[in-house]
Amino acid sequence: MKTVRLGKSELMVSQVGFGGIPIARISYEEAARCIDTAIDLGVNFFDTAIGYQDSEDKIGRAIQAGHRRDQVVIATKAPPRDGPTLERDLDKSLERLRTDYVDLYQFHNIRNAATLEKSLGMMDVLLKAKEQGKVRHIGATVHGVDWINQVIETGVFETVMIALNFIVSEAAEAVLPAARRCDVGVIAMKPMAGGHLTDARLAFKYFVGLGDAVVPLVGIQSPDEIREIVGIFDGGEGPTEAERGEMARIREETGDRFCRRCEYCMPCEHGVKIVPITIFTSLARRMSAKHVVEGYGGQAMKTLENCIQCGECEKRCPYDLDIQAIFRENYEYYKELVAQCGGS
Ligand code: SF4
Ligand code: SF4
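Since this is a predicted model, take the numbers as computed values, not measurements. (Residues numbered from 1 in each chain as written. Chains lettered and ligands numbered in written order. Predicted model: local features only at pLDDT ≥ 70, side-chain atom pairs only at ≥ 80, totals over all residues. Heavy atoms only, no water.)

1. Comments concerning the packing of helix α8 (residues 200-209) against helix α10 (residues 241-254)
Contact geometry of α8 with α10 gives a least axis separation of 11 Å together with a crossing angle of 105 degrees. Here α8 is positioned roughly perpendicular relative to α10, judged by the angle of their axes. Across the interface between the two elements, L202, K205 and Y206 from α8 touch E243, E246, M247 and I250 from α10. (Axes fitted to C-alpha atoms, helices over the stretch in contact; angles between N-to-C directions. Helix = DSSP H or I, 4+ residues; strand = E, 2+ residues; numbered from the N terminus. Parallel < 35°, antiparallel > 145°, perpendicular 65-115°, else oblique. Contact = heavy atoms within 4.5 Å.)

Right under this line is the structure:
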């Protein structure tokens, strides 16, 4: 697999990286098989976080068992709470990853001016860690297109990670010019739109089409999944006209109603289970009407009667979704499903 330069960090990483969230749902043995297969196929970039349950531990164990530390670039992250906590988080990550250094340490989830300021205020901790050899490069993960360029323009971050897929392709347009100008490497999370997209070929061809500008992270739970994705990149073919048309159709269909499932809108003081309601249509696509009405989605929909339309959730949504409109649409759909099931 081809490697690309990750901005001014000068890290050379595979065109697609390994996202550490899904391996938290599988066993240590299964995770090790996925990690080993990925490295065998040329994937050398692994991203995880202290907050991803046992993901760091699984990656650390697999890499140590295979004696492959020098073959991989490891990125991890922690939220910017305070200096002493950040130091402890970094040491904990090093211990779990079974390594003396991480190649890239990221402030996790800079989502407004306050968290940006807080992160900048803690930069001395990471600069000291750099001097000690514990951290090689410093980056940030960012939610909300509005903030990304401010983070890039600070000049202190060598990489930024953003939510990007062909549904929210405007994020690439917003970020890439500043990233190029400041020589900041761009990493993409949520290439499958948090499970909303089902066609991996289409989803990753979008990134092949972006060339070396962005390194997407793929979350997998089986060796076959990583084989499929690597095959798409090794094929080197960007989207055809027909595939671009299909992307546009899906984008049009979802538009500003697409919930990224980041849960920043939660919790609701009035007990409304916001996210299962905003993703109700997507849940319903994967299940029978009866299952969705009687299960998790239907139970959540019943909490909607508590909504007083205070607007607090919309203020917290970094994607400016019209949550009330999504509620209304999904509630109509829910009623249709209830009727199909013979309810009232
Ligand atoms: S509008 Fe207010 S009450 Fe309704 S779901 Fe959002 S936060 Fe809860
Ligand atoms: S409504 Fe907005 S804040 Fe809530 S999960 Fe969806 S994208 Fe995230």
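2. Some thoughts on empty space enclosed by the protein
As enumerated under the stated definition, the model contains two cavities of 30 Å³ or more in all. What the largest cavity holds in volume is close to 70 Å³. Residue lining of the largest cavity: C259, R260, R261, C262, C265, T278, C317, P318, Y319, L321 and I323, and that is the complete set. Here the residues of the lining of the largest cavity sort into eight nonpolar, one polar and two charged. Looking at the second largest cavity, the residues that line it are V4, Q15, F207, G211, D212, V214, V215 and F233. Here the lining of the second largest cavity is composed, by residue class, of five nonpolar, two polar and one charged. (1 Å grid on protein atoms, 1.4 Å probe; cavity = no way out; pocket = protein on both sides within 12 Å on 5 of 7 lines; lining within 4 Å. Points joined across faces, edges and corners; volume = space filled by probe spheres on them. Nonpolar A, V, L, I, M, F, W, Y, C, P; charged D, E, K, R; others polar.)

3. Structural notes on the site of ligand 2
Inspection of the region around ligand 2 gives 13 residues, with C259, C262, E263, C265 and C317 positioned closest. Considered class by class, the residues forming the shell around ligand 2 number 10 nonpolar, no polar and three charged. (Near = heavy atom within 4 Å.)

4. A closer look at the pattern of salt bridges
Here the structure, examined in full by the defined rule, presents 22 salt bridges. Among the salt bridges present, the one from E243 reaches K205, with a minimum N-O distance of 3.1 Å. Of the two residues, E243 sits in helix α10 while K205 sits in helix α8, which places them 38 residues apart along the sequence. The burial state of E243 is the same as that of K205; both residues are buried. (Salt bridge = Lys/Arg side-chain N within 4 Å of Asp/Glu carboxyl O. Buried < 20%, exposed > 50% of the residue type's maximum accessible area, 1.4 Å probe, protein only.)

5. Here's the deal with the site of ligand 1
C268, H270, V272, I274, C307, I308, Q309, C310, G311, C313, Q324 and F327 make up every residue found near ligand 1. Here the residues of the shell around ligand 1 sort into eight nonpolar, four polar and no charged.

6. A look at the side chain of T159
Within the secondary structure layout, T159 lies in strand β8 (residues 159-163). According to the relative accessible area criterion, T159 is buried, its value standing at 0%. Non-local contacts of T159, meaning those with residues more than four positions away in its chain, are made with L6, S9, L104, I138, G139, A140, V184, G185 and I187.

7. So, the packing of aromatic side chains
The relation between two aromatic rings is expressed through the spacing of the ring centres and the mutual angle of the planes. In the structure shown here, the tally under the stated rule is eight aromatic pairs. Geometrically, the ring pair formed by F204 and F207 is tilted, given 6.2 Å between the ring centres and 40 degrees between the ring planes. On the criterion of helical spacing, the pair formed by F204 and F207 is a turn pair, its members being three residues apart in helix α8. Ring centres of F280 and Y333 lie 6.2 Å apart, and the angle between their planes is 80 degrees; on these two criteria the pair is classed as edge-to-face. Remark: Y333 occurs in helix α16 (residues 323-340) and F280 occurs in helix α12 (residues 280-286); sequence separation between them is 53 residues. For F280, a relative accessible area of 0% corresponds to the buried category. Looking at Y333, the relative accessible area reads 25%, which means it is partly exposed. Put simply, the rings of F204, Y206, F207 and F233 touch in pairs and so form one group of aromatic residues. (Phe/Tyr/Trp six-rings, centres within 6.5 Å; stacked < 30°, edge-to-face > 60°.)

Geometry only, nothing functional implied.
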